[in-house]
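Residue strings, one per chain:
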Amino acid sequence: MKAKVQVFLKPGVLDVQGKAVEAALHGLGWADVSGVRVGRTIEFDVVETDPAKAEVEVKAMCDKLLANTVIESYAISFA
Amino acid sequence: MKAAVVVFPGSNCDRDCKVAIERSAGARVEMVWHQETALPDDLDLIVLPGGFSYGDYLRCGAMAAQSPVMREVIKAANDGVAVVGICNGFQVLCEAGLLPGALLRNEKLKYICKPVALDITNGQTRFTASFGEQRSAVMTVGNGEGNFFADEETLDRIEGEGQVVFRYQDNPNGSARDIAGIVNAGGNVLGLMPHPDRSFDPDLGSEDGAILFRSIFASA
């Protein structure tokens, strides 16, 4: 099973990269684009086949390393 | 008087720190590789230097915070040994949970490298006691992610407890409440974005960093 973790800065934390990308999109003519956020995706294979059990493990990985929960939130999915 | 400077892959201020501590305080300095599972005995100070540990992969300081030597640094910090994280070292201390908050990308996305004027907002710490009546200092910053962030509750708490030690007089990077350096609740762990290791000699434009290093050993 492939785990996918998406990490973004929390809504209250200023995402300066997102702001810069948004300004560039506006400059290219997509003037109505708003709310751009830049995050990262981390993918990896897990041997666990039960998504509920795998989620517990991946959540621990997020809290320990993959995300900094002071500034970031994360979403976990499996495929 | 003995100090250790931790060397991560990608550290680039480790030798600056060694020279700065030797010349400022006359202390013996040992370099400690990040894979070490033990620290030298009888340390008065542990320094996490500036640089780009692990190429800033994942987040600045995130990988370094999980390296083997950090388990020992955390133990030593909990035993009261003085720990200073400078620039990338500050990021590592936050990632390791030894200091509250986190360092974000600079507000204007720009890498900022220049001398900055700081207010010393707590002169009672072991890192600032030797500044005496001097209430300001000049040190050089050099970072792209030095924008200190913490939630309002945490900011109120660390301000209330006197944990904010240095503030920018002219905030260069958007740091919350102009914060440039903080200590932990125990007062023995300091993280700061400005570099005392680049400000310890008149030829470098400021000697204020030397006062910081001397202060640590004066209280040791």
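Scroll up to find the structure this text is about.
All residue numbers here refer to positions counted from 1 along the written sequence of the relevant chain. Ligands are numbered from 1 and chains lettered from A, in the order in which they are written. Only residues with pLDDT of at least 70 are given local features in this predicted model, and only at 80 or more are side-chain atom pairs given and counted; all residues enter the totals for whole chains, interfaces and linings.

Caption draft 1: Spotlight on the overall build of chain A. What counts as a helix is a DSSP run of H or I of at least four residues, what counts as a strand is a run of E of at least two, and both are numbered from the N terminus. From N to C terminus, chain A includes two helices and three strands. The linear arrangement of helices and strands in chain A, starting from the amino end, is β-α-β-α-β. For the radius of gyration, the atom set is restricted to C-alpha positions; the globular benchmark scales as 2.2 Å times the number of residues to the power 0.38. The C-alpha radius of gyration of chain A comes to 16 Å, more than 25% above the 12 Å expected for a compact globule of 79 residues. With the C-alpha coordinates of chain A rotated into their principal frame, the extents come out at 45 × 25 × 15 Å. Here chain A, with 79 residues, has 13% of them falling under the buried criterion. With C-beta atoms placed from the backbone, a residue is labelled by how many other C-beta atoms lie within 10 Å of its own: buried for 20 or more, exposed for 12 or fewer, partly exposed between the two.

Caption draft 2: Seen up close, the pairing of strand β7 (residues 136-143) of chain B. Residue and element names in this part refer to chain B. Burial along β7 is one-sided: A137, M139, V141 and N143 are buried, and none of S136, V138, T140 and G142, which face the opposite way, are. Relative to β7, strand β6 (residues 112-120) is paired through eight bridges, and the arrangement is antiparallel. In the sheet register, K114 faces β7, and the bridge partner there is V141. When DSSP locates at least two bridges between a pair of strands, those strands are taken to pair.

Caption draft 3: Quick look at the interface of chain A and chain B. Counting residues at the interface gives eight residues for chain A and eleven residues for chain B. The greatest single-element share of the side of chain A that touches chain B, amounting to three residues, is contributed by helix α1 (residues 16-27) of chain A. Residue polarity is assigned by list, with Asp, Glu, Lys and Arg as charged and Ala, Val, Leu, Ile, Met, Phe, Trp, Tyr, Cys and Pro as nonpolar; anything else, Gly included, falls into the polar class. Residue composition of the side of chain A that touches chain B, by class: six nonpolar, two polar and no charged. In this description, any two residues whose backbone-derived C-beta atoms lie within 7 Å of each other are considered to be in contact.

Caption draft 4: View of helix α2 (residues 51-66) of chain A. Taking 1.5 Å of rise per residue, 16 residues should cover 22 Å, yet α2 of chain A covers just 19 Å from first to last C-alpha, more than 12% shy of that figure. In this fold, the buried residues of α2 of chain A make contact with β1 (2-9), β2 (40-45) and β3 (72-78) of chain A. To estimate the expected span of a helix, subtract one from its residue number and multiply by 1.5 Å.

Caption draft 5: Geometry of helix α2 (residues 68-78) of chain B. Residue and element names in this part refer to chain B. For α2, the complete set of buried residues consists of V69, M70, V73 and A77. One face of α2 carries all of its buried residues, which in axial projection span an arc of 100°. The exposed set on the far side of α2, more than 90 degrees from its buried face, consists of P68, R71 and K75. Elements in contact with the buried residues of α2: β1 (2-7), β2 (28-33), β3 (45-48), β4 (82-86) and β11 (189-192). G80, located one to two residues past α2, shows a positive phi value of around 100°. The directions considered for the arc run from the helix axis to the C-beta atoms.

Caption draft 6: Quick peek at the sheet that holds β1 of chain A. Residues and elements named next belong to chain A. An order of β2-β1-β3 is seen for the three strands of this open sheet, with the pairing classed as antiparallel. Whereas interior strands pair on both sides, the edge strands pair on one side only; in this sheet they are β2 and β3. Adjacent strand axes in the sheet meet at a mean angle of 20°, parallel and antiparallel pairs treated alike. Two strands pair when backbone bridges link them, and β1 and β3 are joined in this way by seven bridges, in the antiparallel orientation. Residue L9 lies in a different strand from β3, and its bridge partner there is E72. The sheet strands contacting α2 are β1, β2 and β3, and the helix crosses β3 at an angle near 150°. An axis is simply a line fitted to the C-alpha atoms; with a helix, the fit covers only the stretch in contact. Between two such axes, the angle follows the N-to-C directions and lies from 0 to 180 degrees.

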